[in-house]
Amino acid sequence: MIVRIAKSIKMPTLYSYFLSKFDNDVLEHMKNRKPFTIYHRKQKEYEVTEEVYKEVATHKDVIIDEQVPHHAFQRVHNERY
């Protein structure tokens, strides 16, 4: 199974897991978890939440991480409020 962690398209989270090239058992499990899995026809991948991925994860997964690090905001105040 190929797992890609990238910015969410339709999930209400910042990042989602995009799954492709998996077995029929995983497909049936994702169909049963319908509100937390979305199929994208153009990409031919399932977008799932982190919880659903943890349920179907194996040690042989190829993980591609496309997360962009966000820097923390620091207020510059020059000794004033």
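Please read these numbers as outputs of a predicted model, since none were measured by experiment.

Conventions and cut-offs
- Residues numbered from 1 in each chain as written.
- Predicted model: local features only at pLDDT ≥ 70, side-chain atom pairs only at ≥ 80, totals over all residues.
- Heavy atoms only, no water.
- Helix = DSSP H or I, 4+ residues; strand = E, 2+ residues; numbered from the N terminus.
- Buried < 20%, exposed > 50% of the residue type's maximum accessible area, 1.4 Å probe, protein only.
- Contact = heavy atoms within 4.5 Å.
- Pairing = 2+ DSSP bridges.
- Salt bridge = Lys/Arg side-chain N within 4 Å of Asp/Glu carboxyl O.
- Core = buried A, V, L, I, M, F, W, Y, C linked by side-chain atoms within 4.5 Å.

Draft legend 1. Expanded view of the environment of Glu51. Within the fold, Glu51 resides in helix H2 (residues 50–56). Using a relative accessible area of 51% as the deciding quantity, one classes Glu51 as exposed. On a C-alpha basis, the gap between Glu51 and Tyr17 in space is 9.8 Å, while along the polypeptide they are 34 residues apart.

Draft legend 2. Just the side chain of Thr37, in detail. The topology assignment puts Thr37 in strand E3 (residues 37–40). Discounting chain neighbours no more than four positions away, the residues touching Thr37 are Met11, Met30, Tyr46, Glu47, Val48 and Val52.

Draft legend 3. Up close: the pairing of strand E1 (residues 2–7). Sheet analysis places E1 next to strand E2 (residues 15–20), joined by 6 bridges and oriented antiparallel. By the bridge assignment, Ile2 is partnered in E2 with Ser20. When E1 meets strand E5 (residues 62–65), the two strands line up parallel, connected through 4 bridges. Counted as the bridge partner of Ile5 is Asp65 from E5.

Draft legend 4. Broad picture of unusual backbone geometry. Residue Lys21 is not a glycine yet carries a positive backbone phi of 55°. Among the structural elements, Lys21 can be located in the loop between E2 and helix H1 (24–32). Even without being glycine, Lys44 reaches a positive phi, approximately 60°. Its place among the elements puts Lys44 in the loop between E3 and strand E4 (45–48).

Draft legend 5. A look at the pattern of salt bridges. Scanning the entire structure with this criterion turns up 4 salt bridges. Here Glu45 and Arg4 are joined by a salt bridge, their closest N and O atoms 2.7 Å apart. Here Glu45 is found in strand E4, whereas its partner Arg4 is found in strand E1, with 41 residues between them in sequence. When its relative accessible area of 11% is taken as the criterion, Glu45 is described as buried.

Draft legend 6. Representation of the nonpolar core. The biggest cluster of nonpolar side chains holds 12 residues, and these are Met1, Val3, Ile5, Tyr17, Leu19, Val26, Met30, Tyr46, Val48, Val52, Tyr53 and Val56. Those elements that place two or more of their residues in this core are E1, E2, H1, E4 and H2. It is H2 that contributes the most residues to this core, 3 residues altogether. Setting aside residues up to four positions removed in sequence, Val56 forms contacts with Met1, Leu19, Val26 and His29.

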